[in-house]
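Below are the chains, spelled out letter by letter.
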Amino acid sequence: MRALDQTDFAIVQALREDARLPNKELASRIGLAPSSCSERVRRLMDEGVFAGFHADVVPEALGIGLQAFVAVRLGRHGREAVELFRRHALALPAVLTLFHVAGDTDFLLHVAVAGTHDLRDVLDQVTDAGNVAHVETTLIFERTRGGVSA
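Caption draft 1: Here's a closer look at helix α1 (residues 6-17). Taking 1.5 Å per residue as the helical rise, α1 with its 12 residues ought to reach 16 Å, and the 17 Å between its terminal C-alpha atoms agrees with that figure. All of the buried residues along α1 are Asp8, Ile11, Val12, Ala14 and Leu15. In a view along the axis of α1, the buried residues occupy a sector of 165 degrees, so they form one face of it. Of the exposed residues in α1, the ones pointing more than 90 degrees away from its buried face are Gln6, Phe9 and Glu17. Turning to α1, the residues buried within the fold contact α2 (23-30) and α3 (34-46). In this structure Asp5 caps α1, since a side-chain oxygen of it lies 3.1 Å from the backbone nitrogen of Thr7.

Caption draft 2: Highlighting the side chain of Asp106. Locating Asp106 in the fold gives a position in the loop between β2 (95-100) and β3 (107-113). Buried and unpaired, Asp106 has no salt bridge, with Arg73 as the nearest side chain of opposite charge at 5.9 Å. Only 2.6 Å separates the side chain of Asp106 from the backbone nitrogen of Leu74, close enough to count as a polar contact. If we skip the residues at most four places from it in the chain, Asp106 touches Val72, Arg73, Leu74, His77, Phe99, His100 and Val101.

Caption draft 3: Region of interest: the nonpolar core. Within the largest apolar cluster, 19 residues are counted, with the highest numbers of intra-cluster contacts made by Val72, Phe85, Phe107, Leu109, Val111 and Val126. Looking at this core, the elements with two or more residues in it are β1 (66-74), α4 (79-90), β2, β3 and α5 (116-127). The element contributing the most residues to this core is β1, with 5 residues. Residues in contact with Leu109, not counting those within four places in the same chain, are Ala68, Phe69, Val70, Val72, Phe85, Ala89, Val95, Thr97, Leu98 and Val126. If you look at the next biggest cluster of nonpolar residues, it comprises 11 residues, including Leu15, Leu21, Cys37 and Val41.

Caption draft 4: Focus on the packing of aromatic side chains. Applying the stated criterion across every chain, the model contains 2 aromatic pairs. A ring pair is formed by Phe50 and Phe53, whose centres lie 5.1 Å apart and whose planes are at 35 degrees; its orientation type is tilted. Look at Phe50 and you get buried, because its relative accessible area is 14%.

Reading the values: rules and limits
Residues numbered from 1 in each chain as written. Predicted model: local features only at pLDDT ≥ 70, side-chain atom pairs only at ≥ 80, totals over all residues. Heavy atoms only, no water. Helix = DSSP H or I, 4+ residues; strand = E, 2+ residues; numbered from the N terminus. Expected span 1.5 Å × (residues − 1). Buried < 20%, exposed > 50% of the residue type's maximum accessible area, 1.4 Å probe, protein only. Arc of directions from axis to C-beta. Contact = heavy atoms within 4.5 Å. Polar contact = N/O pair within 3.5 Å; in protein donor to acceptor, adjacent residues only side chain to side chain. Lys, Arg positive; Asp, Glu negative; His and termini not counted. Salt bridge = Lys/Arg side-chain N within 4 Å of Asp/Glu carboxyl O. Core = buried A, V, L, I, M, F, W, Y, C linked by side-chain atoms within 4.5 Å. Phe/Tyr/Trp six-rings, centres within 6.5 Å; stacked < 30°, edge-to-face > 60°.

This is the structure in structure tokens:
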């Protein structure tokens, strides 16, 4: 992937703030002609700078009353064991995001459910994967977006 210049970074930041920004307005903010701006956005997409464009939905509107991080430590750490757990976790509807991490925890799952009973069910489903040595849950009280996400 080539290095991004200041104009690319400005485009990325503007679209992070509002992915629905019309090209004409984006071009005006960045100081480019609309055709040049459109070409830059297309190139950034082709180069894989953008993983996708998403709607940031208010969880309560979907009946989600509780979010949590679930830290999972596996008993075995071979590639096959890691991949089996990864596939199992991603198949759970409550799992919004899965992080494979280093340290005392092997996986960090961001889950969203209606309430505590549903969270307990998700935790049962996580441990049903087998090879799970330890699970620790941290409730999320508030989420605020900021900075560059990786």
